[in-house]
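Summary of the model geometry
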Amino acid sequence: MPRQWAGHFFYLKTNPILTILQYGKENGKNSVIIEAMLWDLTLPLDESTPPFPGDPALERKYLMDYRRGDEMQLSTVSFSTHLGTHVDAPLHIFPNGKGVDQLDLGMLCGPAVVVEILTEEGISADMIRRHGLPKSGRILFKTRHGGALYPRPTAWLEPEAAAFLVQQDICLVGIDSASVDRAQDPTLPSHRLLLRKEVIIVENLVLHEVVPGPAELICLPLKLVGGDGAPARVVLQSAG
């Protein structure tokens, strides 16, 4: 059953995690209007979450465990700061760069646009130009439509595309694949081009069901002091 609050109706489901509905009139008849949808763009984290090749997987240890008869459960987790949906800080590439705890929340949150470029290869500057650029300064690349969470998309940003985004004063670049660089390129040219100019990178976004277009982004990485990156809970609110 939907729950009513302040004249609105909220209907919960898997994704979008929240649909905001309101009664209204259309052509003189009562109708239900979808005002907004809230999407969770975050991969679930557990032992099965695939790490970037060469990085450690998540490991969980139980200090107290109901299964052992303990009266509470207490655990520790160990994993790469770049596992699952995460933010890359400049310190990831540059020794004197900002850590994730120093990133400006005003850059992490605000108006954004989801751009759909369906490919398993590199995204070029011309591809981006054909779709137009946001005035908001935050762009999220959706490279796969529909399907399952795994395997993850494989697209990346060509270096000339990264340079183009820097020239356009983009402050945050998100992508649904594990990296803005081609996995086989250890020099990480797109990372370097973006992070040198303190353009925040968000990788492994869950975008395969999200409708392209403008939206409000909320990206909150863990405030890990001196962190080169950190897992983030990322939510997108789009118009109905």
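These notes cover the structure that comes with them. Bear in mind the structure is a predicted one, so any value in this text is a computation, not a measurement. (Residues numbered from 1 in each chain as written. Predicted model: local features only at pLDDT ≥ 70, side-chain atom pairs only at ≥ 80, totals over all residues. Heavy atoms only, no water.)

**What to know about the overall build of the chain**
If you tally the helices and strands in the chain, you get four helices and 15 strands. Relative to its 240 residues, the chain shows a buried fraction of 44%. Once local pairs closer than 6 in sequence are excluded, the contacts in the chain between residues at least 24 apart make up 65%. Here the chain has roughly 13,000 Å² of accessible surface; of this, 55% comes from carbon and sulfur atoms. (Helix = DSSP H or I, 4+ residues; strand = E, 2+ residues; numbered from the N terminus. Buried < 20%, exposed > 50% of the residue type's maximum accessible area, 1.4 Å probe, protein only. Contact = heavy atoms within 4.5 Å. Areas by Shrake-Rupley, 256 points an atom, 1.4 Å probe, with all protein chains shown as cover.)

**A short note on the pattern of salt bridges**
Taken as a whole, this structure holds seven salt bridges when the rule is applied. Between Asp 70 and Arg 68 there is a salt bridge, with its nearest N and O atoms 3.6 Å apart. Note that Asp 126 is salt-bridged to Arg 129, the shortest N-O span being 2.7 Å. Here Asp 126 pairs with Arg 129, and both are found in helix H2 (residues 125-131), just three residues apart, close to one helical turn. (Salt bridge = Lys/Arg side-chain N within 4 Å of Asp/Glu carboxyl O.)

**Considering the packing of aromatic side chains**
Applying the stated criterion across every chain, the model contains zero aromatic pairs. Against the face of Phe 164 rests Arg 129, its NZ or CZ located 4.5 Å from the ring centre. (Phe/Tyr/Trp six-rings, centres within 6.5 Å; stacked < 30°, edge-to-face > 60°. Lys NZ or Arg CZ within 6 Å of the ring centre and 35° of its normal.)

**Observations regarding the state of the cysteines**
Overall, the coordinates contain zero disulfides when judged by the stated rule. Considering cysteine sulfurs only, Cys 219 is the nearest to Cys 109, which forms no disulfide, with 6.8 Å between them. You can call Cys 109 partly exposed: its relative accessible area is 22%. (Disulfide = S-S within 2.5 Å.)

**Details of the nonpolar core**
By size, the foremost hydrophobic cluster in this structure holds 25 residues, and its most contacted members are Leu 41, Val 87, Leu 140 and Leu 236. Listing elements by their share of this core, those giving two or more residues are strand S4 (29-40), strand S8 (110-116), strand S13 (200-203), strand S14 (213-221) and strand S15 (229-239). The biggest single contributor to this core is S15, with four residues. Among the nonpolar cores identified, the runner-up in size contains 24 residues, and Val 180, Leu 194, Val 199 and Ile 201 belong to it. (Core = buried A, V, L, I, M, F, W, Y, C linked by side-chain atoms within 4.5 Å.)

**Focus: the pairing of strand S12 (residues 172-175)**
Here S12 shows two buried faces, one formed by Leu 172 and Gly 174 and the other by Val 173 and Ile 175. Pairing of strand S10 (residues 138-142) with S12, which is carried by four bridges, proceeds in the parallel orientation. By the bridge assignment, Ile 139 is partnered in S12 with Val 173. With three bridges joining them, S12 and S13 adopt parallel strand pairing. Within S13, the residue paired with Leu 172 across the bridge is Ile 200. Viewed along the sheet, the connection from S12 through helix H4 (residues 189-196) into S13 turns out right-handed. (Pairing = 2+ DSSP bridges. Right-handed = clockwise from strand over helix to strand, strands pointing away.)

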